[in-house]
Amino acid sequence: MRKPIIAGNWKMNKTRDEAINFALGVSGRLPNYAECIVCAPFIILRDLVKRVPTNLAVGAQNMDYHDSGAFTGEVSPLMLKDTEVTHVIIGHSERRAYYNETDESVNLKVKKALEYDLVPIVCVGEVLAEREAGKTNEVLARQINEGFKDVNLDNPENLVVAYEPVWAIGTGKNASSEIAEEACKFIRTELEKIFGNKANDIRILYGGSVKPENIKEYMANPDVDGALVGGASLKVDSFVALCNYKD
Ligand code: PEP
(Lines give C-alpha, C1' and ligand atoms only; values in the text may rest on other atoms or scores of the structure.)
Protein backbone atom coordinates (compact mmCIF):
# COMPACT_ATOMS: atom_id res chain seq x y z
CA MET A 1 0.00 0.00 0.00
CA ARG A 2 1.47 3.34 -1.04
CA LYS A 3 0.64 6.13 1.39
CA PRO A 4 -0.71 9.13 -0.54
CA ILE A 5 1.29 12.35 -0.62
CA ILE A 6 -0.15 15.85 -0.90
CA ALA A 7 2.72 18.26 -1.47
CA GLY A 8 2.47 22.01 -1.80
CA ASN A 9 5.00 23.92 -3.89
CA TRP A 10 4.93 27.50 -2.69
CA LYS A 11 7.42 28.65 -5.36
CA MET A 12 8.67 32.21 -4.67
CA ASN A 13 5.82 33.08 -2.29
CA LYS A 14 5.44 33.77 1.42
CA THR A 15 7.46 35.75 3.92
CA ARG A 16 8.46 34.19 7.21
CA ASP A 17 5.41 35.59 9.03
CA GLU A 18 3.07 34.39 6.31
CA ALA A 19 4.60 30.92 6.44
CA ILE A 20 4.32 30.72 10.22
CA ASN A 21 0.68 31.86 10.10
CA PHE A 22 0.08 29.10 7.56
CA ALA A 23 1.66 26.53 9.89
CA LEU A 24 -0.55 27.69 12.76
CA GLY A 25 -3.61 27.73 10.50
CA VAL A 26 -3.29 24.12 9.34
CA SER A 27 -2.46 22.80 12.78
CA GLY A 28 -4.94 20.13 13.91
CA ARG A 29 -6.63 20.08 10.50
CA LEU A 30 -4.47 17.61 8.53
CA PRO A 31 -5.34 13.92 8.18
CA ASN A 32 -3.02 11.03 8.93
CA TYR A 33 -4.03 9.00 5.86
CA ALA A 34 -1.87 11.22 3.63
CA GLU A 35 1.68 12.51 3.98
CA CYS A 36 1.31 16.29 3.83
CA ILE A 37 4.31 18.39 2.79
CA VAL A 38 4.97 22.05 2.00
CA CYS A 39 8.00 23.01 -0.09
CA ALA A 40 9.01 26.53 0.81
CA PRO A 41 11.67 29.11 -0.16
CA PHE A 42 15.11 28.43 1.36
CA ILE A 43 15.16 31.47 3.62
CA ILE A 44 12.11 30.46 5.66
CA LEU A 45 12.77 26.72 5.90
CA ARG A 46 14.33 26.68 9.36
CA ASP A 47 11.59 28.82 10.96
CA LEU A 48 8.91 26.80 9.24
CA VAL A 49 10.33 23.46 10.39
CA LYS A 50 10.19 24.70 13.97
CA ARG A 51 6.53 25.75 13.72
CA VAL A 52 4.77 23.09 11.64
CA PRO A 53 2.55 20.46 13.27
CA THR A 54 4.11 16.99 13.47
CA ASN A 55 2.01 15.69 10.57
CA LEU A 56 3.23 18.36 8.14
CA ALA A 57 6.66 17.82 6.59
CA VAL A 58 8.74 20.61 5.09
CA GLY A 59 10.75 20.46 1.88
CA ALA A 60 12.95 22.70 -0.23
CA GLN A 61 12.31 23.50 -3.89
CA ASN A 62 15.82 22.91 -5.23
CA MET A 63 19.41 22.31 -4.12
CA ASP A 64 22.90 22.18 -5.53
CA TYR A 65 24.62 18.82 -6.09
CA HIS A 66 27.91 19.80 -4.47
CA ASP A 67 28.54 19.40 -0.74
CA SER A 68 30.10 22.85 -0.43
CA GLY A 69 32.43 25.19 -2.33
CA ALA A 70 32.67 28.19 -4.62
CA PHE A 71 29.12 28.17 -5.99
CA THR A 72 27.82 31.65 -5.24
CA GLY A 73 24.14 31.81 -4.42
CA GLU A 74 23.63 28.06 -4.21
CA VAL A 75 22.40 25.94 -1.29
CA SER A 76 23.92 22.53 -0.57
CA PRO A 77 22.24 19.33 0.63
CA LEU A 78 24.25 19.66 3.85
CA MET A 79 22.66 23.06 4.46
CA LEU A 80 19.20 21.62 3.81
CA LYS A 81 19.86 18.85 6.33
CA ASP A 82 20.89 21.53 8.78
CA THR A 83 17.42 23.12 8.53
CA GLU A 84 15.91 19.66 9.20
CA VAL A 85 13.76 19.58 6.08
CA THR A 86 12.99 16.09 4.86
CA HIS A 87 12.14 16.57 1.17
CA VAL A 88 13.44 18.47 -1.84
CA ILE A 89 11.83 19.12 -5.22
CA ILE A 90 14.22 18.37 -8.07
CA GLY A 91 13.85 19.20 -11.76
CA HIS A 92 10.71 21.33 -11.53
CA SER A 93 9.77 22.50 -15.02
CA GLU A 94 10.30 26.14 -14.00
CA ARG A 95 13.89 25.31 -13.10
CA ARG A 96 14.30 23.34 -16.33
CA ALA A 97 12.88 26.28 -18.33
CA TYR A 98 14.48 29.29 -16.57
CA TYR A 99 17.56 27.99 -14.73
CA ASN A 100 19.11 25.52 -17.11
CA GLU A 101 18.20 22.38 -15.15
CA THR A 102 18.95 19.34 -17.32
CA ASP A 103 18.36 15.61 -17.02
CA GLU A 104 22.05 15.35 -16.17
CA SER A 105 21.88 17.86 -13.29
CA VAL A 106 18.65 16.22 -12.11
CA ASN A 107 20.54 12.92 -11.98
CA LEU A 108 23.38 14.42 -9.92
CA LYS A 109 20.91 16.08 -7.54
CA VAL A 110 18.85 12.91 -7.06
CA LYS A 111 21.98 10.97 -6.11
CA LYS A 112 23.06 13.70 -3.69
CA ALA A 113 19.64 14.00 -2.09
CA LEU A 114 19.50 10.24 -1.45
CA GLU A 115 23.06 10.29 -0.10
CA TYR A 116 21.93 12.89 2.45
CA ASP A 117 18.66 11.11 3.31
CA LEU A 118 16.55 13.80 1.72
CA VAL A 119 13.51 12.51 -0.19
CA PRO A 120 13.69 13.87 -3.74
CA ILE A 121 10.39 14.78 -5.41
CA VAL A 122 11.50 14.52 -9.02
CA CYS A 123 9.41 16.36 -11.60
CA VAL A 124 8.98 15.12 -15.15
CA GLY A 125 6.58 16.16 -17.87
CA GLU A 126 6.17 17.22 -21.46
CA VAL A 127 5.56 20.67 -22.95
CA LEU A 128 2.46 21.23 -25.10
CA ALA A 129 4.32 20.94 -28.43
CA GLU A 130 5.71 17.55 -27.37
CA ARG A 131 2.23 16.29 -26.41
CA GLU A 132 0.77 17.56 -29.68
CA ALA A 133 3.56 15.84 -31.62
CA GLY A 134 2.74 12.52 -29.88
CA LYS A 135 6.07 12.54 -28.04
CA THR A 136 4.88 12.45 -24.42
CA ASN A 137 6.08 8.93 -23.66
CA GLU A 138 9.39 9.50 -25.41
CA VAL A 139 10.02 12.62 -23.30
CA LEU A 140 8.99 10.91 -20.06
CA ALA A 141 11.16 7.87 -20.81
CA ARG A 142 14.17 10.11 -21.47
CA GLN A 143 13.64 12.18 -18.31
CA ILE A 144 13.22 9.02 -16.21
CA ASN A 145 16.09 7.05 -17.72
CA GLU A 146 18.59 9.91 -17.62
CA GLY A 147 17.33 11.34 -14.34
CA PHE A 148 17.65 8.00 -12.52
CA LYS A 149 20.74 6.65 -14.31
CA ASP A 150 22.90 4.65 -11.86
CA VAL A 151 20.74 5.69 -8.92
CA ASN A 152 21.01 3.29 -6.01
CA LEU A 153 17.65 3.06 -4.33
CA ASP A 154 17.62 1.19 -1.02
CA ASN A 155 14.15 2.22 0.09
CA PRO A 156 11.59 3.03 -2.62
CA GLU A 157 9.54 5.04 -0.11
CA ASN A 158 12.37 7.57 -0.20
CA LEU A 159 11.82 8.50 -3.82
CA VAL A 160 8.84 10.42 -5.18
CA VAL A 161 8.18 11.21 -8.84
CA ALA A 162 5.76 13.92 -9.95
CA TYR A 163 4.18 13.87 -13.39
CA GLU A 164 3.70 17.52 -14.22
CA PRO A 165 2.68 18.25 -17.80
CA VAL A 166 4.16 21.71 -18.35
CA TRP A 167 1.05 22.92 -20.19
CA ALA A 168 -1.03 22.30 -17.06
CA ILE A 169 1.18 24.10 -14.55
CA GLY A 170 -0.16 27.42 -13.34
CA THR A 171 -2.46 27.63 -16.35
CA GLY A 172 -5.75 26.50 -14.80
CA LYS A 173 -5.83 23.95 -17.68
CA ASN A 174 -5.53 20.72 -15.69
CA ALA A 175 -4.88 17.42 -17.45
CA SER A 176 -7.83 15.03 -17.49
CA SER A 177 -7.81 12.27 -14.93
CA GLU A 178 -7.29 9.75 -17.80
CA ILE A 179 -4.21 11.59 -19.08
CA ALA A 180 -2.78 11.72 -15.55
CA GLU A 181 -3.33 7.98 -15.00
CA GLU A 182 -1.93 7.03 -18.39
CA ALA A 183 1.25 9.03 -17.80
CA CYS A 184 1.72 7.87 -14.19
CA LYS A 185 1.25 4.25 -15.27
CA PHE A 186 3.80 4.71 -18.04
CA ILE A 187 6.23 6.30 -15.56
CA ARG A 188 5.83 3.30 -13.24
CA THR A 189 6.61 0.93 -16.12
CA GLU A 190 9.79 2.89 -16.88
CA LEU A 191 10.73 2.93 -13.19
CA GLU A 192 10.25 -0.86 -13.11
CA LYS A 193 12.89 -1.25 -15.83
CA ILE A 194 15.36 0.60 -13.59
CA PHE A 195 14.34 -0.40 -10.07
CA GLY A 196 12.49 -3.69 -10.63
CA ASN A 197 9.75 -4.53 -8.10
CA LYS A 198 10.67 -1.50 -6.02
CA ALA A 199 8.77 0.59 -8.56
CA ASN A 200 5.56 -0.67 -6.95
CA ASP A 201 6.42 1.25 -3.79
CA ILE A 202 7.52 4.53 -5.41
CA ARG A 203 4.89 7.25 -5.01
CA ILE A 204 3.96 8.96 -8.29
CA LEU A 205 2.11 12.27 -8.02
CA TYR A 206 0.16 14.27 -10.54
CA GLY A 207 0.74 18.04 -10.66
CA GLY A 208 -0.83 20.76 -12.78
CA SER A 209 -3.70 23.02 -11.68
CA VAL A 210 -4.88 20.63 -8.96
CA LYS A 211 -7.54 22.21 -6.73
CA PRO A 212 -9.85 21.01 -3.96
CA GLU A 213 -12.59 20.72 -6.63
CA ASN A 214 -10.69 18.29 -8.87
CA ILE A 215 -8.30 16.35 -6.59
CA LYS A 216 -10.70 13.45 -5.99
CA GLU A 217 -10.76 12.50 -9.69
CA TYR A 218 -6.99 12.13 -9.73
CA MET A 219 -6.78 10.26 -6.44
CA ALA A 220 -9.28 7.66 -7.69
CA ASN A 221 -6.68 6.37 -10.19
CA PRO A 222 -4.59 3.29 -9.33
CA ASP A 223 -1.24 4.79 -10.35
CA VAL A 224 -1.74 8.34 -9.04
CA ASP A 225 -0.47 8.35 -5.47
CA GLY A 226 -0.92 12.01 -4.69
CA ALA A 227 -0.61 15.55 -5.93
CA LEU A 228 2.01 18.25 -6.24
CA VAL A 229 0.15 21.54 -5.99
CA GLY A 230 1.31 25.08 -6.66
CA GLY A 231 -1.28 27.87 -6.55
CA ALA A 232 -3.92 26.00 -4.56
CA SER A 233 -1.43 25.12 -1.79
CA LEU A 234 -0.90 28.74 -0.75
CA LYS A 235 -4.08 29.31 1.23
CA VAL A 236 -4.71 27.47 4.48
CA ASP A 237 -8.29 26.38 3.74
CA SER A 238 -7.44 25.23 0.25
CA PHE A 239 -4.39 23.22 1.40
CA VAL A 240 -6.39 21.67 4.25
CA ALA A 241 -9.15 20.69 1.78
CA LEU A 242 -6.60 19.15 -0.61
CA CYS A 243 -5.03 17.09 2.17
CA ASN A 244 -8.47 15.95 3.36
CA TYR A 245 -9.45 14.90 -0.16
CA LYS A 246 -11.26 11.80 1.11
CA ASP A 247 -13.80 13.78 3.15
C1 PEP B 1 3.64 23.24 -9.58
O2 PEP B 1 4.20 24.31 -9.45
O3 PEP B 1 4.29 22.22 -9.40
C4 PEP B 1 2.22 23.21 -9.94
C5 PEP B 1 1.67 22.06 -10.20
O6 PEP B 1 1.57 24.42 -9.99
P7 PEP B 1 -0.03 24.66 -10.12
O8 PEP B 1 -0.70 23.72 -9.15
O9 PEP B 1 -0.23 26.09 -9.75
O10 PEP B 1 -0.40 24.35 -11.53
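The residue numbering used here restarts from 1 in each chain and proceeds along that chain's sequence as written. In keeping with the model being predicted, local features are shown solely for residues with a pLDDT of at least 70 and side-chain atom pairs are shown and tallied solely at 80 or more, while totals for entire chains, interfaces and linings include all residues. The basis for every side-chain value is the complete set of heavy atoms in the structure, and neither hydrogens nor water enter the calculation.

K.L.:
Now, about the sheet that holds strand E8 (residues 226-229): what can you tell me, with residues and values included?
P.N.:
Across a sheet, strands are paired by hydrogen bonds formed along the backbone, either parallel or antiparallel in direction. DSSP-based pairing: two strands are paired if at least 2 bridges between them are found. Only runs of H or I of at least four residues qualify as helices and only runs of E of at least two qualify as strands under DSSP, and these elements are numbered from the N terminus. Spatially, the 8 strands close up into a barrel ordered E1-E2-E3-E4-E5-E6-E7-E8, and their pairing is parallel. Here the strands of the sheet are splayed against their neighbours by 25° on average, with no regard to which way each runs. Relative to strand E7 (residues 203-207), strand E6 (residues 160-163) is paired through 4 bridges, and the arrangement is parallel. Looking at E7, one finds that tyrosine 163 is bridged to tyrosine 206. Orientation is described by lines fitted to C-alpha atoms, with helices fitted over the stretch in contact, and by angles between N-to-C directions that extend from 0 to 180 degrees.

K.L.:
Any details on the layout of surface pockets? Residues and values, ideally.
P.N.:
Within this scheme a cavity is a closed region of a 1 Å grid, computed over the protein atoms alone, that accommodates a 1.4 Å probe without allowing it to escape, whereas a pocket is open but has protein on both sides within 12 Å along at least five of seven lines; lining residues each have an atom within 4 Å of a point. Grid points are joined across faces, edges and corners, and a volume is the space filled by probe spheres set on the points. Here the largest pocket defines a volume of roughly 510 Å³. Per-element accounting of the lining of the largest pocket gives the leading share, 3 residues, to helix H4 (residues 93-98). Classifying every residue of the lining of the largest pocket gives 8 nonpolar, 5 polar and 4 charged. Charged means Asp, Glu, Lys or Arg here, nonpolar means Ala, Val, Leu, Ile, Met, Phe, Trp, Tyr, Cys or Pro, and polar covers whatever is left, Gly included.

K.L.:
Break down the nonpolar core for me, with residues and values.
P.N.:
Buried Ala, Val, Leu, Ile, Met, Phe, Trp, Tyr and Cys residues form a nonpolar core when they are joined through side-chain atoms within 4.5 Å. Each residue is assigned to one of three classes by its accessible area relative to the maximum for its type, calculated with a 1.4 Å probe on protein chains only: buried under 20%, partly exposed between the two thresholds, exposed over 50%. Formed by 69 residues in total, the largest nonpolar core has its most connected members in Leu48, Leu80, Phe148, Ile187, Leu191, Tyr206 and Phe239. Of the residues forming this core, the biggest block, 7 residues, is contributed by helix H8 (residues 177-195). Residues contacting isoleucine 187, with those up to four places away along its chain left out, are Val124, Leu140, Ile144, Val161, Tyr163 and Ile204. If you look at the next biggest cluster of nonpolar residues, it comprises 12 residues, including Ala7, Val119, Ile121 and Cys123. Here, residues are in contact when the closest pair of their heavy atoms is within 4.5 Å.

K.L.:
So what about the side chain of asparagine 107? Which residues, and what values?
P.N.:
Here asparagine 107 lies in helix H5 (residues 103-115). What makes asparagine 107 buried here is its relative accessible area of 10%.

K.L.:
With reference to specific residues and values, describe the site of the ligand.
P.N.:
The near set for a molecule or strand comprises every residue that places at least one heavy atom within 4 Å of it. Taken together, 14 residues are adjacent to the ligand, and Lys11, Glu164, Gly170, Ser209 and Gly230 come closest. For this analysis, a polar contact is any N or O atom pair within 3.5 Å, provided that within protein one partner can donate a hydrogen and the other can accept it, and provided that sequence-adjacent residues contribute only side-chain to side-chain pairs. Between histidine 92 and the ligand, the recorded distance is 2.9 Å, taken from a side-chain N or O atom to an oxygen atom. Glutamate 164 has a polar side-chain atom sitting 2.8 Å from an oxygen atom of the ligand. Values of accessible area rely on a 1.4 Å probe in the Shrake-Rupley scheme; residue burial ignores everything except the protein chains shown. Compared with its free state, where it exposes 290 Å², the ligand has 95% of that area covered by protein.

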